[in-house]
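The primary structure of each chain is shown beneath.
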Amino acid sequence: MIIDSHVHISLYENNAQSLEESRDLLLQEMARNGIEYAIVIPDNLENKDDIADLAKAIELTNGYKEFFLLGSPQIIQRGNSEIQKYRELLESGTVKGIKLFPGHDPYNPTDQRCLPYYELLQKLGCPVVFHTGDISSDPNIQNPLFYNDPKYIVEIADKYPKLKVIITHYFWPKIEYCYEITKNSPNIYFELAGTADPEVLEKSGGIEKMINVLEKTIQNRPDKVIFGTDWPMCDIKKQIDLVKSLKIDEDERERIFSKNAIEVYKLLI
Ligand SMILES: [Zn+2]
């Protein structure tokens with residue numbers, strides 16, 4: 001079984017004319033690539049026509065057993081005033097965790113406004129996912145790596161030792177640095193979205209280097225690496241092929257493709 005733990009419903013890099021069409025295209029892509037379930041991540045930008053925010057993602061996935069959802073609180077716009085809303089969404093299982101977008105938005109993971117969310121998530125046993133890496137949707141942010149450096153994520157993981165802390169995009173292009181700085185924090189997880197993307201690979205030192213870092217990561221934490229793609233920005237098949245190319249046990253591969261996601265997100269499937 002394959003679970004894709006990182007997709008968006010959006011018009012980026014596809015021919016869909018509406019978000020409904022994008023959802024249907026995603027279902028086709030999943031079927032074509034043997035993906036049974038996907039976790040839809042709402043964007044940090046709200047009310048956009050070309051990518052689903054939380055309200056739109058709830059509407060678009062309602063009634064589809066293939067989809068799970070994360071939440072994405074508006075830290076810049078609303079600080080931690082949405083904490084009660086997210087408590088209810090998490091407790092009811094409407095969302096399985098929370099994604100934060102440091103680097104897309106100008107704040108660090110250690111920002112005071114984020115801390116109540118970490119406490120809530122730790123208490124409920126649900127994960128936080130951090131966007132990392134050298135890309136931002138905000139043209140005013142020149143250096144996204146300043147905001148999502150894993151040194152801040154390690155601080156949070158150590159401060160909240162029972163919080164499940166997921167890094168996505170491996171802080172590309174500084175993947176070796178990200179491996180080294182996180183390797184002693186047992187509650188840090190890695191979700192693989194973007195790590196097979198040609199631009200990410202080129203800027204991160206090539207596919208051999210990526211394979212090496214991922215194999216080391218899996219050796220270090222076989223129960224904490226999770227498959228994800230970042231569709232529609234990234235190609236699903238390339239990401240599957242990358243995981244298939246890793247020199248790891250079949251048991252570990254199965255964990256990455258589905259079992260780890262089921263455990264960390266507590267998916268009832
Ligand atoms: Zn994404």
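Calculation criteria
- Residues numbered from 1 in each chain as written.
- Predicted model: local features only at pLDDT ≥ 70, side-chain atom pairs only at ≥ 80, totals over all residues.
- Heavy atoms only, no water.
- Helix = DSSP H or I, 4+ residues; strand = E, 2+ residues; numbered from the N terminus.
- Rg over C-alpha atoms; globule rule 2.2 N^0.38 Å.
- Contact = heavy atoms within 4.5 Å.
- Areas by Shrake-Rupley, 256 points an atom, 1.4 Å probe, with all protein chains shown as cover.
- Donors = N, O, S within 2.8 Å, 3.2 Å for Na, K, Ca; no water.
- Buried < 20%, exposed > 50% of the residue type's maximum accessible area, 1.4 Å probe, protein only.
- Pairing = 2+ DSSP bridges.
- Axes fitted to C-alpha atoms, helices over the stretch in contact; angles between N-to-C directions.
- Core = buried A, V, L, I, M, F, W, Y, C linked by side-chain atoms within 4.5 Å.
- UniProt positions renumbered as here; feature names shortened; annotations may be inferred.
- Phe/Tyr/Trp six-rings, centres within 6.5 Å; stacked < 30°, edge-to-face > 60°.

To continue, consider the overall build of the protein. Looking only at helices and strands, the protein has 12 helices and eight strands in total. For the protein, the C-alpha radius of gyration of 17 Å lies close to 18 Å, the compact-globule estimate for 269 residues. In terms of principal-axis extent, the alpha carbons of the protein reach across some 40 × 40 × 40 Å. In the protein, the share of contacts with a sequence separation of at least 24, taken over all contacts with a separation of at least 6, comes to 77%. Carbon together with sulfur atoms contributes 48% to the accessible area of the protein, which is approximately 11,400 Å² in total.

Bringing the coordination of the zinc ion into the picture now. In this structure, His6 (NE2), His8 (NE2) and Asp230 (OD) serve as the protein donors to the zinc ion, at separations of 2.0 to 2.1 Å. As a motif over one chain, the donors of the zinc ion read H-x1-H-x221-D. Here the residue His6 occupies a position in strand β1 (residues 2-7), and Asp230 occupies one in the loop between β8 (225-226) and α11 (236-245), the gap between them amounting to 224 residues. In this pair, the class of His6 matches that of Asp230, namely buried.

Before going further, it helps to examine the sheet that holds β8. Spatially, the five strands line up as an open sheet ordered β4-β5-β6-β7-β8, and their pairing is parallel. In this open sheet, the two strands that pair with only one neighbour each are β4 (98-100) and β8. Bridge count between strand β6 (residues 165-168) and strand β7 (residues 188-191): four bridges; the pairing is parallel. Residue pairing in the sheet places Thr168 in a bridge with Glu191 of β7. Where helix α7 (residues 150-159) meets the sheet, it contacts β5 (128-131), β6 and β7, and its direction lies at approximately 165° from that of β6.

On β6, burial covers both faces: Val165 and Ile167 on one face and Ile166 and Thr168 on the other are all buried. Bridge analysis of β5 against β6 gives four bridges, and the strand direction is parallel. In the strand pairing of β6, Val129 is matched with Ile166.

All right, on to the nonpolar core then. Grouped together as the largest cluster of nonpolar side chains are 69 residues, with contacts concentrated most on Leu100 and Tyr118. Dropping the residues within four chain positions of it, Tyr118 is found in contact with Leu100, Pro109, Val128, Phe130, Ile156, Tyr160 and Leu163. By size, the runner-up hydrophobic cluster in this structure holds 15 residues, among which are Leu70, Tyr189, Ile226 and Ala261.

Residues of α7 that are buried include every one of Pro150, Tyr152, Ile153, Val154, Ile156 and Ala157, and no others. Residues of α7 that are buried sit in contact with α5 (115-124), β5, α6 (144-148), β6, α8 (175-182) and β7.

On to the UniProt feature "domain: Amidohydrolase-related" (unreviewed entry) in the protein. In this structure's numbering, the residues bearing the UniProt feature "domain: Amidohydrolase-related" (unreviewed entry) are residues 83-267. Annotated as 48% helix and 9% strand, the span residues 83-267 places its first and last C-alpha atoms 22 Å apart.

Here we take up unusual backbone geometry. Peptide bonds are, in most cases, trans, and in most cases residues other than glycine have a negative phi. Residue Trp172 is joined to Pro173 through a cis peptide bond whose omega torsion reads 5°. Note that Pro173 resides in the loop between β6 and α8. A cis geometry characterises the amide bond from Trp231 onward to Pro232, with omega recorded as 5°. Non-glycine residue Glu13 carries a positive phi angle of around 50°. Looking at where Glu13 falls in the secondary structure, it is placed in the loop between β1 and α1 (19-32). Phi is positive for Tyr170, close to 50°, though the residue is something other than glycine. For Tyr170, the location among the structural elements is in the loop between β6 and α8. Taking relative accessible area as the criterion, Tyr170 reaches 1% and is therefore assigned buried.

Before going further, it helps to examine the packing of aromatic side chains. What characterises a pair of aromatic rings is the spacing of the ring centres plus the angle enclosed by the ring planes. Tallying each qualifying case throughout the model produces nine aromatic pairs. With centroids separated by 5.8 Å and ring planes inclined at 50°, the aromatic side chains of Phe171 and Tyr177 adopt a geometry described as tilted. Grouping aromatic residues by their ring pairs yields a cluster made of Tyr118, Phe130 and Tyr160.

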